[in-house]
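Now for the letters of each chain:
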Amino acid sequence: MSAIDEVSSSTEQKAAPQAYNDCITCRIVGSGAFAAMGVYALRMSRASAPGSVMGKRIMGGLGIGFLIGSVLRWKM
């Protein structure tokens, strides 16, 4: 075996992907932050909140997106 083959074979062994697992505290904080942003955005999309109709629709969409992100953050 040449030196190039030895280097490439050792590199292939190191490149194996590993599953990433967060600690429970990281999941709680991350999910809570996404959920808080989602609730805030939904609150800003209320009919009585100041702003344009289009801005409220955008905030509503962002709120739903952040809540979905919170669930995904918790499960992954």
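Quick summary incoming for the structure in this document. (Residues numbered from 1 in each chain as written. Predicted model: local features only at pLDDT ≥ 70, side-chain atom pairs only at ≥ 80, totals over all residues. Heavy atoms only, no water.)

1. Examining the overall build of the chain
Tallying secondary structure elements over the chain gives 3 helices and 0 strands in all. Burial status across the chain gives 14% buried among its 76 residues. Residue pairs in contact within the chain that sit at least 24 positions apart in sequence constitute 55% of those at least 6 positions apart. Here the chain has roughly 6000 Å² of accessible surface; of this, 68% comes from carbon and sulfur atoms. (Helix = DSSP H or I, 4+ residues; strand = E, 2+ residues; numbered from the N terminus. Buried < 20%, exposed > 50% of the residue type's maximum accessible area, 1.4 Å probe, protein only. Contact = heavy atoms within 4.5 Å. Areas by Shrake-Rupley, 256 points an atom, 1.4 Å probe, with all protein chains shown as cover.)

2. Digging into a nonpolar patch on the surface
On the surface, Ile64, Ile68, Leu72 and Met76 cluster together into a nonpolar patch covering about 420 Å² of accessible area. Counting through the fold element by element, Ile64 comes out in helix 3 (residues 53-75). Ile64 gets classed as partly exposed once you look at its relative accessible area, which sits at 43%. (Patch = residues over 30% accessible without salt bridge, like charges linked within 9 Å, V, L, I, M, F, W, Y side chains within 5 Å. Salt bridge = Lys/Arg side-chain N within 4 Å of Asp/Glu carboxyl O.)

3. A look at the packing of helix 2 (residues 24-44) against helix 3
Between helix 2 and helix 3, the least distance of the axes is 7 Å, while the angle of their chain directions is 165°. Relative to helix 3, helix 2 is oriented roughly antiparallel. Two packed elements cross with a definite hand, and for helix 2 against helix 3 that hand is left-handed. Of the residues in the contact of helix 2 with helix 3, the class split is 16 nonpolar, 7 polar and 3 charged. (Axes fitted to C-alpha atoms, helices over the stretch in contact; angles between N-to-C directions. Parallel < 35°, antiparallel > 145°, perpendicular 65-115°, else oblique. Left-handed = near helix turned anticlockwise from the far one by under 90°. Nonpolar A, V, L, I, M, F, W, Y, C, P; charged D, E, K, R; others polar.)

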